[in-house]
Amino acid sequence: MYTPYYRPRRLRRNPRIRNLVRETVLTRHDLILPLFVIAGKDVKNPISSMPGHYQLSVDHLITEVKEIWDRGIQAVILFGIPDHKDSRGSDALSDSGIIAQALRAVKDAVPDLYVITDVCFCEYTDHGHCGPISGNDVDNDTTLELLQQQVLVHARNGADMVAPSGMMDGMVGAIREALDGEGYQHIPIMSYAAKYASGFYGPFREAAESAPQFGDRSTYQMDPANSDEAIREVALDVDEGADVLMVKPAMPYLDILYRVKTQFGLPTAAYQVSGEYAMIKAAARNGWLDHDRVMLESLMAIKRAGADMILTYFAKEVVDKLDS
Ligand code: PBG
């Protein structure tokens, strides 16, 4: 019989020793909860592919942020759904638009909640692309000018951090310039630096009513086959002044997350996207997976791979679970 000399099982014998050797800890402070705010009054539309999530009008949003703050969530990211969409996404450029209204109301109700805004046009354009179209494609440099206007709306109305998600070339530099030019040097940029053209965004497009009306996003979001390209994309954003780097989606792209964290060493975020959430919910509803266990394991895996913070639709349930 072979008797091993070194026995890793020695350090797994009971919960006390497992607690002592644990390398990764998930806390409520790692989490950012995405919220969808829609124009109108007294609207609370369930999002069918994202159980537990709703399109909320500002009045319901206020109730929600008070509740989550009391539950111990300290950060959110806001997405707006306007009542009127047009070819350039004008609602996003106005201090009376949906995000501007939501920001003022949230900051008034819970001043210390850390509010991040998604900076993009796909929820605001009638064609569903992330900037104005010229020919058959998004016009990059015109989009940069509009992004500069959009972030100033967010900054003026109280955003703590802005998160450009459109994968336009030069977006971080353009946004930094706009913010600094108006005295918002203190507002950090979380760049969706390596964002893939992913099928996992399906449920989000129902939630945000932002599915492209023609074509897809492959001329601006990244090809899932590429990894070195992600490093080049991230390097550009670092040069342009990104404060936080995001990789998106999360679980199918843990290799990218690991490379980004290891190579750049900046604060790194991962977005556990709508499809990742929906898969776990659906399997759990069928009794095929243990919901809480898989939820926590998925987030732990994302953190272990290098995320300092995680955007996740599970944030509320995780906080409750960590408490119990
Ligand atoms: C674009 C944006 C998207 C998501 C976040 N920001 C969708 C897209 O690129 O089509 C997806 C998030 C998710 O699936 O949860 N503004």
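Residues numbered from 1 in each chain as written. Predicted model: local features only at pLDDT ≥ 70, side-chain atom pairs only at ≥ 80, totals over all residues. Heavy atoms only, no water.

Trainee: Please give an account of helix α7 (residues 228–240) that cites residues and values.
Mentor: Between its first and last C-alpha, α7 extends 19 Å over 13 residues, near the 18 Å set by a 1.5 Å rise per residue. Restricting attention to buried positions, one finds in α7 the residues A230, I231, E233, V234 and D237. Looking straight down α7, one finds that the buried residues subtend no more than 160 degrees of arc, so they occupy a single side. When the buried face of α7 is taken as reference, the exposed residues oriented beyond 90 degrees from it are R232 and D239. (Helix = DSSP H or I, 4+ residues; strand = E, 2+ residues; numbered from the N terminus. Expected span 1.5 Å × (residues − 1). Buried < 20%, exposed > 50% of the residue type's maximum accessible area, 1.4 Å probe, protein only. Arc of directions from axis to C-beta.)

Trainee: Outline the nonpolar core, supporting the account with residue identities and numerical values.
Mentor: Within the largest apolar cluster, 109 residues are counted, with the highest numbers of intra-cluster contacts made by F36, L61, L179, M190 and I302. For this core, the element with the highest residue contribution is strand β1 (residues 31–38), accounting for seven residues. The residues contacting L179, other than those within four sequence positions of it, are V151, L152, A155, V162, Y184, Q185, I187 and I189. (Core = buried A, V, L, I, M, F, W, Y, C linked by side-chain atoms within 4.5 Å. Contact = heavy atoms within 4.5 Å.)

Trainee: Got a sec to walk through the packing of aromatic side chains? Specific residues and values, please.
Mentor: Enumeration over the complete set of coordinates arrives at nine aromatic pairs. Between F79 and F204 the ring centres are 5.0 Å apart and the planes differ by 75 degrees, which places this aromatic pair in the edge-to-face class. In this pair, F79 sits in strand β4 (residues 75–81) while F204 sits in helix α6 (residues 202–208), placing the two residues 125 residues apart along the sequence. Of note, K44 hangs over the ring of Y54, and the distance from its end group to the ring centre comes to 4.6 Å. One Lys or Arg, K248, reaches over the ring of Y201 and ends 4.4 Å from the middle of that ring. (Phe/Tyr/Trp six-rings, centres within 6.5 Å; stacked < 30°, edge-to-face > 60°. Lys NZ or Arg CZ within 6 Å of the ring centre and 35° of its normal.)

Trainee: I'd love a proper account of the site of the ligand, names of residues and values included.
Mentor: Lining the immediate surroundings of the ligand are 18 residues, of which R205, Q221, K248, S274 and Y313 lie closest. Measuring from a nitrogen atom of the ligand, one finds a side-chain N or O atom of E123 at 3.2 Å. One nitrogen or oxygen atom from the side chain of S274 is found 2.7 Å from an oxygen atom belonging to the ligand. For the ligand, whose free accessible area comes to 400 Å², the fraction covered by protein is 100%. Looking at the shell around the ligand, the elements that each hand over two or more residues are β9 (190–195) and α6. Considering only residue class, the shell around the ligand consists of nine nonpolar, three polar and six charged. (Near = heavy atom within 4 Å. Polar contact = N/O pair within 3.5 Å; in protein donor to acceptor, adjacent residues only side chain to side chain. Areas by Shrake-Rupley, 256 points an atom, 1.4 Å probe, with all protein chains shown as cover. Nonpolar A, V, L, I, M, F, W, Y, C, P; charged D, E, K, R; others polar.)

Trainee: Quick one: what's the story with the pattern of salt bridges, residue by residue and with numbers?
Mentor: Across all of its chains, the model carries 12 salt bridges by this definition. The salt bridge partner of K261 is D308, with a shortest N-O separation of 2.9 Å. One end of the pair, K261, is in helix α8 (residues 254–264); the other, D308, is in the loop between α10 (291–305) and β12 (309–312), and 47 residues separate them in sequence. Classification of K261 by relative accessible area gives partly exposed; the value is 24%. Accessibility expressed as a relative area gives 34% for D308, which makes it partly exposed. The shortest N-O distance in the salt bridge between K281 and E317 comes to 2.7 Å. In this pair, K281 sits in helix α9 (residues 274–285) while E317 sits in helix α11 (residues 315–323), placing the two residues 36 residues apart along the sequence. The exposure class of K281 is buried, given its relative accessible area of 9%. Several salt bridges converge on common partners, so that one network encompasses E67, R71 and D320. (Salt bridge = Lys/Arg side-chain N within 4 Å of Asp/Glu carboxyl O.)

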